[in-house]
Every structure is written in structure tokens, then in C-alpha cells.
Amino acid sequence: MLILISFMLPTVRQLEFFIATAETGQVSRAAAMANVTQSSVTIAIRRLEELLGYKLFRRKSHGMELTAQGEAFLRQSHSILAALHEAVGANHQEASSISGTVRLAVTDTISGYFLPAAWERIMGRHPDIQLEVTEASRPGIEEGLFQGQFDLGIALTSNLPNPERYELRPVLSSPRNLWLAANHPLVMQENIAFVDLTGENYILLTMDEHEDTMQQVWSQFGFIPKLLFRSQSMEALRSMVARGMGVTILSDMVYRSWSLEGQRIVRKCLSDTIPNMDTGVFWPKQSPLKLAARAVVRCIYQVK
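Participant: Tell me about the overall build of the protein chain, and please be specific about residues and values.
Facilitator: For the protein chain, the count of helices and strands is 10 helices and 12 strands. Relative to its length of 304 residues, the protein chain is compact, with a C-alpha radius of gyration of 21 Å against a globular reference of 19 Å. Overall size of the protein chain, expressed as C-alpha extent along the three principal axes, is 70 × 55 × 35 Å. The buried share among the 304 residues of the protein chain stands at 46%. A sequence separation of at least 24 residues applies to 73% of the contacts in the protein chain between residues at least 6 apart. Looking at the protein chain as shown, the accessible area adds up to about 15,500 Å², and 53% of this sits on carbon and sulfur atoms. Positive and negative side-chain charges in the protein chain, numbering 29 and 30 respectively, have mean positions lying 5 Å apart.

Participant: A description of the packing of aromatic side chains should follow, citing residues and the corresponding values.
Facilitator: One pass over the structure, following the stated rule, counts nine aromatic pairs. If you follow Arg 256 out to its NZ or CZ, it ends over the ring of Trp 258, 5.2 Å from the centre.

Participant: Tell me what's going on with the nonpolar core, and back it up with residues and numbers.
Facilitator: Judged by nonpolar contacts, the single largest core of 24 residues is most densely connected at Val 102, Leu 104, Leu 152, Ile 154, Val 296 and Ile 300. Residue assignment for this core shows that the elements contributing at least two residues are strand 3 (100–106), helix 6 (115–125), strand 4 (129–135), strand 5 (152–156), strand 12 (277–284) and helix 10 (291–301). Once residues lying within four places of it in the same chain are set aside, the contact partners of Ile 300 are Leu 104, Phe 114, Ala 118, Ile 122, Ile 154, Val 171 and Val 281. Listed in part, the 20 residues of the second largest apolar core include Phe 18, Ala 20, Leu 48 and Phe 73.

Participant: Lay out the sheet that holds strand 3 with the relevant residues and their values.
Facilitator: Here we have five strands laid out as an open sheet, ordered 4-3-5-12-6, and mixed in their pairing. Only two strands of the sheet have a single partner each, and these edge strands are strand 4 and strand 6 (166–174). If you compare each strand with its neighbour and ignore which way they point, the axes differ by 20° on average. Looking at chain direction, strand 6 and strand 12 are connected through eight bridges and run antiparallel. Residue Ser 173 lies in a different strand from strand 12, and its bridge partner there is Asp 278. Contacts from helix 7 (residues 138–146) reach strand 3, strand 5, strand 6 and strand 12 within the one sheet, and its direction differs from that of strand 5 by about 160°.

Participant: Tell me about the packing of helix 6 against helix 10, residues and numbers included.
Facilitator: Geometrically, a packed helix pair is captured by the angle between its two axes and the distance between the axes. Across the interface, helix 6 lies against helix 10 with an axial gap of 9 Å and an inter-helix angle of 130°. Regarding the angle of helix 6 to helix 10, the classification is oblique. Note on packing geometry: the crossing formed by helix 6 with helix 10 is right-handed. Within the contact between the two elements, helix 6 uses Ala 118, Arg 121, Ile 122 and Arg 125 and helix 10 uses Val 296, Cys 299 and Ile 300.

Participant: Explain the confidence of the model for the protein chain to me, and be specific about the residues and the numbers.
Facilitator: Regions with low pLDDT should not have their predicted coordinates read in detail. When pLDDT is averaged across the protein chain, the result is 87; 92% of the residues are at 70 or more. No element of the protein chain has a lower mean pLDDT than helix 4 (residues 68–92), at 73, and none a higher one than strand 8 (residues 201–205), at 97. Counting contacts from residues 1–6, a segment whose pLDDT is below 50, to residues more than four positions away or on other chains yields zero contacts. With pLDDT under 50 throughout, residues 90–95 is counted as low confidence; its partners more than four residues away or in other chains account for three contacts.

Participant: How would you summarise the packing of helix 2 (residues 27–34) against helix 3 (residues 38–52) if you had to cite specific residues and measurements?
Facilitator: At a closest axis distance of 8 Å, the pairing of helix 2 and helix 3 adopts a crossing angle of 110°. In terms of axis orientation, helix 2 runs roughly perpendicular to helix 3. Judged by residue contacts, Val 27, Ser 28, Ala 30 and Ala 31 of helix 2 engage Gln 38, Val 41 and Thr 42 from helix 3. Per-class residue counts for the contact of helix 2 with helix 3 are four nonpolar, three polar and no charged.

Participant: Just give me the short version of the sheet that holds strand 11 (residues 265–268), but keep the residues and values in it.
Facilitator: Spatial ordering of the open sheet is given by 10-7-11, a layout of three strands whose pairing is antiparallel. In the strand order of this sheet, the two ends are held by strand 10 (248–251) and strand 11, each with one partner. When strand polarity is set aside, the average angle formed by the axes of neighbouring strands in this sheet is 40°. The strands touched by helix 9 (residues 234–242) are strand 7 (176–181), strand 10 and strand 11; relative to strand 7, the strand with the most contacts, the crossing angle is about 55°.

Participant: Break down the pairing of strand 5 for me, citing the residues and quoting the values.
Facilitator: In terms of residue burial, strand 5 counts as a mostly covered element, since five of its five residues are buried. Here strand 3 pairs with strand 5 via three bridges, running parallel. Within strand 5, the residue paired with Val 106 across the bridge is Ile 154. The pairing of strand 5 with strand 12 spans four bridges and is antiparallel. Within strand 12, the residue paired with Gly 153 across the bridge is Phe 282.

Participant: Give me the lowdown on helix 6, citing residues and values where you can.
Facilitator: Residue pairs spaced three or four apart in an α-helix point in one direction, given the helix's 3.6 residues per turn. By the burial criterion, the buried members of helix 6 are Leu 115, Ala 118 and Ile 122. Viewed along the axis of helix 6, the buried residues span an arc of 70°, placing them on a single side of the element.

What counts and how
- Residues numbered from 1 in each chain as written.
- Predicted model: local features only at pLDDT ≥ 70, side-chain atom pairs only at ≥ 80, totals over all residues.
- Heavy atoms only, no water.
- Helix = DSSP H or I, 4+ residues; strand = E, 2+ residues; numbered from the N terminus.
- Rg over C-alpha atoms; globule rule 2.2 N^0.38 Å.
- Buried < 20%, exposed > 50% of the residue type's maximum accessible area, 1.4 Å probe, protein only.
- Contact = heavy atoms within 4.5 Å.
- Areas by Shrake-Rupley, 256 points an atom, 1.4 Å probe, with all protein chains shown as cover.
- Lys, Arg positive; Asp, Glu negative; His and termini not counted.
- Charge placed at Lys NZ, Arg CZ, Asp CG, Glu CD.
- Phe/Tyr/Trp six-rings, centres within 6.5 Å; stacked < 30°, edge-to-face > 60°.
- Lys NZ or Arg CZ within 6 Å of the ring centre and 35° of its normal.
- Core = buried A, V, L, I, M, F, W, Y, C linked by side-chain atoms within 4.5 Å.
- Pairing = 2+ DSSP bridges.
- Axes fitted to C-alpha atoms, helices over the stretch in contact; angles between N-to-C directions.
- Parallel < 35°, antiparallel > 145°, perpendicular 65-115°, else oblique.
- Left-handed = near helix turned anticlockwise from the far one by under 90°.
- pLDDT = per-residue confidence, 0-100.
- Nonpolar A, V, L, I, M, F, W, Y, C, P; charged D, E, K, R; others polar.
- Arc of directions from axis to C-beta.

Given below as C-alpha cells:
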């Protein structure tokens, strides 16, 4: 005799709303991203917390902040949805007849934190497309596009000096937040502004034009950071922040709540408004895309 024991499981919608809220830090932003009402997101998260039996967020005046259990569940949620998408794609995907070579250029940030999922999707959807990927700086990508070396580029589009020259498809808009060690005094502070960071050691990431972006932000708020270290190594930065050696501000796309040594990093919203890190896929308007390149653009746009 077969005995079935039933229990409630989270819905895909609940997981998607939870991830959107965790990555944007605000219910309003998550609702806008999902094209639903704020109450729909709030109800979904509340029911998910009731189902799990623990809090996923700390509600703050400036937004939503993940708890330690919420951080762990966020990683699990990403894995669950990735596995589900892979399973559905494997069972329902029709074989593509599109073939050809597409030359794609990406910046190092895109290469490390976005490219693998996009590349995997392209290979799965279009096995006959040969993707040639080159890592380059954003100016190098622009030059290569206009010289015919690349067909497509993915980079921080907010840094494009002449966006009117391109066809551009937005891919991801990632909020920038403050990173702190778990035992840093500011972790317990409700509202944090740049003035609160005066005198704090600051660790600055120098890859992918981040320093130029932050210089503009600092200037806007009259903030002069006490620079301890400049580095192109994301893992060095994580370790130093987690050890309490300094603080930094980076986008949620590159956020991970632990260092290589397993020490925790806490992400906090700033009350001072910082622009999101906007990324996109782009190509010159004067260069119409071939069929294979258009297929790649569609795949890239679906990876979020």
C-alpha cells in the first residue's frame, strides 16, 4: 500500500518574487521588475516565510535586508529555478536550424558574473551556432565593433559615451549597495549615508571602470574616501571586507555573502541614492545583425 505524505512547497512565483526583492532591496522595485502590484510581492514573501518557518528579510525604512537564513535560501532559490529552467528547456526545446559564427566581446565583470549562464543557454538553444568570445575593456569593445572585429558587445551601458550610435537591449539593472563585515558597527544602524563612512577604510575595486563611476558618485555627495587598497581582485576585496579591514560599495550582481575563508559579508542599502549598474547587449546601428547574431541576442536577453 502506497502512503502519500503531502506538504506544502514554495511556488515558482514565490521564489521569483523573493529573488527579485532580494536582488533589488525593495518591494516596489521587485514589483516593477515582475510587472505586478507591490501587494502581490508582499503577500508572496509573507506566505513563503510562513511556509519556511523563519524570516527571510528584515524590514527597514529604506527597504528589505536579507537575514542570514534569507541569504542561504537565496542561493538555494537560484539553484532551484536554474534546475527547473534547464529541465523545462531540455524537454520542450526544439532543435534549432540556425547556424553560423557570432563574435561576442564582454568586459571582465560580465565574463565572471553573467556570461556562463548566457553561454550555456546559447549552446542549449542553438548547438550549431559557434560563439567566439573575447574579453576586452568597454572602449576596446566599442572599437572592435566599429572595426568589424566583433558582432556584439556586452558591457556596462551606462558608461557608453555615445549611446545613440548603437542598437541596445538592456540585460540587467543591478543596485549598488554597501558591503560590510558581519560584526561592523554600521550593520546595526538603521539608516546609513556617505557621511557615516567618513573615516572608514575603503577598499576600491578597479576593474571594469568601477573607479570612474564611484568617483562621480563621491563627487556628487562631497565624499572623500579613506582609501586603504585598490584591487582588481574581487576575492581579495571580499576577504578584506569580511575581515573588517574596510568597506566598499558594489553592485548586487557581484555580491556574495561570504568570503573564500567562509567569513560573512553583509549588504546594506544607503540612504543616499546611487545609480544602478546597467548592463546590456549592443551593436552599431550601421551594422544589421545576421540571423545567428539575432538568436544570440534573444538568448542573452532571457538570462536574468
